[in-house]
Amino acid sequence: PSAFGRSRGAARPAPPGLGLQLSLGGWGSLINPSGVAACQRSGRLAVAHDGKKRIHVFGPSGSCLQRFGERGEAGNDIKYPLDVTITWDGHVVVTDGGDRSVKAFDLEGRGVLAVREGFCLPWGLDATPESEVLLTDVEAGALYRLTADFQKGKLKKCQMIQSRLTSPRGVAVSQTSGAVVVIEHLKAQGPNNGSTRVKIFSATMDLIGQMDSFGLNLVFPSKLYTTAVAFDKEGHVIVTDVCSQAVISLGKPEEFPIFNPLISHGLSYPVGLTYTANNSLAVLDSGDHSVKIYSS
């Protein structure tokens, strides 16, 4: 009831002037992209996609700086990338669905670490300010915290911090509060077989809020099917919605959920989100194989 009370009439206009500034990639440059991440120190963007070289690194101006992560069977090759993040110390971490592993590279593309043991199907990634990596495992229904010395290529600890999740994919951690958001993918009977649930945890992994597509649809004007999640610099939960082809703010964890559309046109099938070092919003649009960067 409190969620409904907060949400009714809570829709807010998008921030003035939030508009498309730059579009990167396109078919041929990026092929069926699945994940995007920003380096907070260098301003670079890393995109995971299905090209011959799986990781594509763009500079702040949009130029291609690096391609790496060969498709193949060698130890540091990437078979089927699902998501990507960049740690605060500048390492690119990728989930590989092909061999159910997590692989880390430096920004020049040199493989530094591969973790192949213990995962069923690792999927979503996000990095903490301490260069730890939060990682979802779809088949295990779990969330892990991975701690490593990436400079030395040494895994220190891989700890399950949440279990009994339902097909968790997207994950994001607040850089200010440490709160964690996970997107669960729920199965249902009938022609519209599937929905999503947004689940919010505190920094100590206590559940502080959740809402599935049905519940959100009771409050908001459209059914939300969320494919990606991020926190902005102020700690708002930002999600993509492929039903309305939009990017929406659901508010801060303590006011969740509100409904604040940030981008409501110009997207085909948004599957990834990240905020750049200069607080621009980068949206990965697999519908036209591009990264679209918005700023105010």
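Residues numbered from 1 in each chain as written. Predicted model: local features only at pLDDT ≥ 70, side-chain atom pairs only at ≥ 80, totals over all residues. Heavy atoms only, no water.

### Points about the overall build of the protein chain
Secondary structure assignment for the protein chain yields 2 helices and 24 strands. Against the 2.2 N^0.38 benchmark of 19 Å for 296 residues, the protein chain shows a C-alpha radius of gyration of 18 Å, consistent with a compact globule. In terms of overall dimensions, the protein chain has a C-alpha envelope of 55 × 40 × 40 Å along the principal axes. Residues counted as buried form 56% of the 296 residues belonging to the protein chain. Partitioning the intrachain contacts of the protein chain with sequence separation of at least 6 by distance along the chain shows that 44% fall at a separation of at least 24. With an accessible surface of roughly 12600 Å², the protein chain has 48% of that area assigned to carbon and sulfur atoms. (Helix = DSSP H or I, 4+ residues; strand = E, 2+ residues; numbered from the N terminus. Rg over C-alpha atoms; globule rule 2.2 N^0.38 Å. Buried < 20%, exposed > 50% of the residue type's maximum accessible area, 1.4 Å probe, protein only. Contact = heavy atoms within 4.5 Å. Areas by Shrake-Rupley, 256 points an atom, 1.4 Å probe, with all protein chains shown as cover.)

### What about the UniProt feature "repeat: NHL" (unreviewed entry) in the protein chain?
Feature annotation in UniProt places "repeat: NHL" (unreviewed entry) on residues 21-61, 65-108 and 265-296, given in this structure's numbering. Across residues 21-61, helical content stands at 0% and strand content at 46%; the span's end C-alpha atoms are separated by 11 Å. Spanning residues 65-108, this segment combines 0% helix with 55% strand, and its end C-alpha atoms are found 9 Å apart. (UniProt positions renumbered as here; feature names shortened; annotations may be inferred.)

### With respect to the side chain of Thr227
Position of Thr227 among the secondary structure elements: in strand β18 (residues 226-231). Take Thr227: its relative accessible area is 18%, and that puts it in the buried class. Contacts of Thr227, omitting those with residues within four sequence positions, involve Thr240, Val242, Pro270 and Val271.

### Quick look at the packing of aromatic side chains
Enumeration according to the criterion identifies 2 aromatic pairs in this entry. Each ring, one from Phe68 and one from Phe105, has its centre 5.3 Å from the other, and the planes form 45°; the classification is tilted. Of this pair, Phe68 sits in strand β5 (residues 64-70) while Phe105 sits in strand β8 (residues 101-106), placing them 37 residues apart in sequence. Consider the rings of Phe119 and Tyr144, whose centres lie 5.5 Å apart with planes at 85°: the pair is edge-to-face. Taken together, the residues Phe119 in the loop between β9 (111-115) and β10 (122-127) and Tyr144 in strand β12 (residues 142-149) connect sequence positions 25 residues apart. (Phe/Tyr/Trp six-rings, centres within 6.5 Å; stacked < 30°, edge-to-face > 60°.)

### Comments concerning the sheet that holds strand β11 (residues 133-137)
One open sheet holds the 4 strands; their spatial order is β10-β11-β12-β13, and the pairing between them is antiparallel. Two strands close off the open sheet at either side, each with one partner strand: β10 and β13 (154-162). Ignoring strand direction, the axes of neighbouring strands in this sheet form an average angle of 25°. Direction of pairing for β12 relative to β13: antiparallel, over a ladder of 7 bridges. Opposite Leu146, over in β13, you have Cys158 as the bridge partner. (Pairing = 2+ DSSP bridges. Axes fitted to C-alpha atoms, helices over the stretch in contact; angles between N-to-C directions.)

### What to know about the environment of Ala179
Among the structural elements, Ala179 can be located in the loop between β14 (168-173) and β15 (180-186). Assessed through its relative accessible area of 4%, Ala179 is described here as buried. Put simply, Ala179 and Thr204 are 25 residues apart on the chain and 8.0 Å apart in space, counted from C-alpha to C-alpha. Excluding its chain neighbours within four sequence positions, the residues that come into contact with Ala179 are Ala172, Val173, Ser174, Phe201, Ser202, Ala203, Phe231 and Pro253.

### Brief notes about the pairing of strand β20 (residues 246-249)
Two faces, one strand: in a regular strand the side chains alternate between the faces of the sheet. Alternating positions in β20 separate into two faces, Ala246 and Ile248 on one and Val247 and Ser249 on the other, with burial throughout. In this sheet, β20 lies alongside strand β19 (residues 237-241) in antiparallel orientation, the contact comprising 4 bridges. Each residue of the ladder has a partner; that of Asp241, found in β20, is Ala246. Hairpin connection, β19 to β20: the antiparallel pair is bridged by 4 residues, and Gln245 has positive phi, about 55°. Pairing of β20 with strand β21 (residues 260-263) involves 3 bridges; the strand directions are antiparallel. Looking at the pairing, Val247 lines up with Ile263 of β21.

### So, the pattern of salt bridges
Evaluated as defined, the whole model comprises 14 salt bridges. In this structure, Asp99 and Arg116 form a salt bridge, with 3.6 Å as the shortest nitrogen-oxygen distance. Highlighted residues: Asp99 in the loop between β7 (91-96) and β8 and Arg116 in the loop between β9 and β10, separated in sequence by 17 residues. The class of Asp99 is partly exposed, set by a relative accessible area of 22%. In this structure, a network of salt bridges that share partners links the residues Asp96, Asp99, Lys103 and Arg116. (Salt bridge = Lys/Arg side-chain N within 4 Å of Asp/Glu carboxyl O.)

### Comments concerning the confidence of the model for the protein chain
Scored by pLDDT, the protein chain comes out at a mean of 89, with 92% of its residues at no less than 70. The low-confidence segment residues 1-15 (pLDDT under 50) makes 24 contacts with residues lying over four places distant or belonging to another chain. (pLDDT = per-residue confidence, 0-100.)

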